[in-house]
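Now for the letters of each chain:
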Amino acid sequence: MESLQGMFLVATNGMRDPRFKQSVILICNHNEQGALGLVLTKVYEELSFIEILHSLNLGFSGHEEPDVYQGGPVSLDAPFIIHTAGYSDQSFVSTQISADIFMGNNLDLFPYLAEHNDPQEVRFFLGYSGWGPGQLDQELGLDGWLVLPASAQDIFSRSPELLWQYVTKKHGIDITLFNDISGKA
């Protein structure tokens, strides 16, 4: 099995699960026990980062309130961040996903995010997308996903609603021409 950690999963029009329609997912971990990814294209409209901080009795003194992304349908209250190499601190532990992308996933990151946030360097998520052993490999055989290289520049310099088409066009693919699940173009 080849690990897809640090890669994008891009939903095609053949994606059968409506929760992932026009999604781009960063695969943060992929091994024989399964896979974990974060959806980069779904922002919570009804939930603000400041509300989350207030529920934890934390104030907000950052420059710009970050969006809260829905990382996926699993454990919707589990916090995650992805960030660039330059965005780190000793107050929270991050795991390196690729050369230029890191992930943190504990409550210690909230006080840091309350004071330091830069939309060009960090994304905040609740929940994740998960696959059991062999499940992702099986899904890849059903033509619902494209696997493409991920980069911090793509993640942090693009708005979520444009990422799906941008990433595919960057690699010479017009995603709008992919077949839907009925096989029609």
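Residues numbered from 1 in each chain as written. Predicted model: local features only at pLDDT ≥ 70, side-chain atom pairs only at ≥ 80, totals over all residues. Heavy atoms only, no water.

1. Some words on the overall build of the protein chain
Move 1: When helices and strands are tallied, the protein chain shows 5 helices and 9 strands.
Move 2: When the helices and strands of the protein chain are listed from N to C terminus, the series reads β-β-β-α-β-β-β-β-α-β-α-β-α-α.
Move 3: The burial tally for the protein chain puts 45% of its 185 residues in the buried class.
Move 4: Counting only contacts in the protein chain whose residues sit at least 6 apart along the sequence, the fraction spanning at least 24 positions is 69%.
Move 5: Accessible surface, the protein chain: about 9,500 Å² in total, of which carbon and sulfur atoms supply 49%. (Helix = DSSP H or I, 4+ residues; strand = E, 2+ residues; numbered from the N terminus. Buried < 20%, exposed > 50% of the residue type's maximum accessible area, 1.4 Å probe, protein only. Contact = heavy atoms within 4.5 Å. Areas by Shrake-Rupley, 256 points an atom, 1.4 Å probe, with all protein chains shown as cover.)

2. Focus on the pairing of strand β8 (residues 122–131)
Move 1: In terms of residue burial, β8 counts as a mostly covered element, since 8 of its 10 residues are buried.
Move 2: Sheet analysis places strand β3 (residues 34–39) next to β8, joined by 3 bridges and oriented antiparallel. What sits directly across from Ala-35, in β8, is Trp-131.
Move 3: One ladder, built from 3 bridges, connects strand β4 (residues 68–70) with β8; its direction is parallel. Directly across from Val-68, in β8, lies its bridge partner Phe-124. (Pairing = 2+ DSSP bridges.)

3. Structural notes on the pairing of strand β2 (residues 24–31)
Move 1: Of all 8 residues that make up β2, 6 are buried, and the element is covered over most of its length.
Move 2: In this structure, strand β1 (residues 7–11) lies alongside β2, joined through 3 bridges in antiparallel fashion. Paired with Phe-8 across the two strands is Leu-26, which belongs to β2.
Move 3: Pairing analysis gives 6 bridges linking β2 to β3, with the strands arranged antiparallel. The residue of β3 that forms the bridge with Leu-26 is Leu-38.

4. Focus: unusual backbone geometry
Move 1: A positive phi angle, close to 55 degrees, is found at Gln-22, a residue other than glycine.
Move 2: Its place among the elements puts Gln-22 in the loop between β1 and β2.
Move 3: Relative accessible area serves as the criterion here: at 41%, Gln-22 is assigned to the partly exposed category.
Move 4: With a phi angle near 45 degrees, Ser-75 is a residue other than glycine that sits in the positive phi range.

5. A short note on the side chain of His-83
Move 1: Here His-83 shows up in strand β5 (residues 74–83).
Move 2: Judged by relative accessible area, which is 1%, His-83 ranks as buried.

6. Remarks on the confidence of the model for the protein chain
Move 1: For the protein chain, the average pLDDT comes to 84, and 86% of its residues sit at 70 or higher.
Move 2: Contacts for the low-pLDDT stretch residues 180–185, under 50 throughout, to residues beyond four places or in other chains number 8 contacts. (pLDDT = per-residue confidence, 0-100.)

7. Observations regarding the environment of Phe-8
Move 1: As for its placement among the helices and strands, Phe-8 is situated in strand β1.
Move 2: As for Phe-8 and Cys-28, which are separated by 20 residues in sequence, their C-alpha atoms are 9.5 Å apart.

8. Here's the deal with the nonpolar core
Move 1: In this structure, Val-10, Leu-40 and Ile-82 are the most contacted members of the largest nonpolar core, which totals 27 residues.
Move 2: With near-sequence residues (within four places) excluded, Ile-82 lies in contact with Leu-26, Leu-38, Leu-40, Ile-101, Phe-102, Met-103, Glu-121, Val-122, Arg-123, Phe-125, Ile-155 and Phe-156. (Core = buried A, V, L, I, M, F, W, Y, C linked by side-chain atoms within 4.5 Å.)

9. Examining helix α5 (residues 160–170)
Move 1: Turning to α5, its buried residues number three or more, namely Pro-160, Leu-163, Trp-164, Val-167 and Thr-168. With its buried residues spanning 105 degrees around the axis, α5 presents them on a single face. In α5, the exposed residues that point more than 90 degrees away from the buried face are Glu-161, Leu-162 and Lys-169.
Move 2: Contacts from the buried residues of α5 go to β1, β2, β4, β9 (145–149) and α4 (152–156).
Move 3: Backbone geometry just after α5 places Gly-172 at a positive phi near 80 degrees. (Arc of directions from axis to C-beta.)

10. Overview of the packing of aromatic side chains
For any pair of aromatic rings, the description rests on two quantities: the centre-to-centre distance and the angle between the ring planes.
Move 1: Taken as a whole and assessed by the stated rule, the structure comprises 4 aromatic pairs.
Move 2: Ring geometry for Tyr-69 and Phe-125: centres 5.3 Å apart, planes at 40 degrees, overall tilted. With Tyr-69 in strand β4 and Phe-125 in strand β8, this pair connects stretches of sequence that are 56 residues apart.
Move 3: A residue is classified by how much of its surface remains accessible, and Phe-125, at 0% relative accessible area, is buried.
Move 4: Measuring from ring centre to ring centre gives 5.8 Å for Phe-80 and Tyr-128, while their planes differ by 70 degrees; the resulting arrangement is edge-to-face. (Phe/Tyr/Trp six-rings, centres within 6.5 Å; stacked < 30°, edge-to-face > 60°.)

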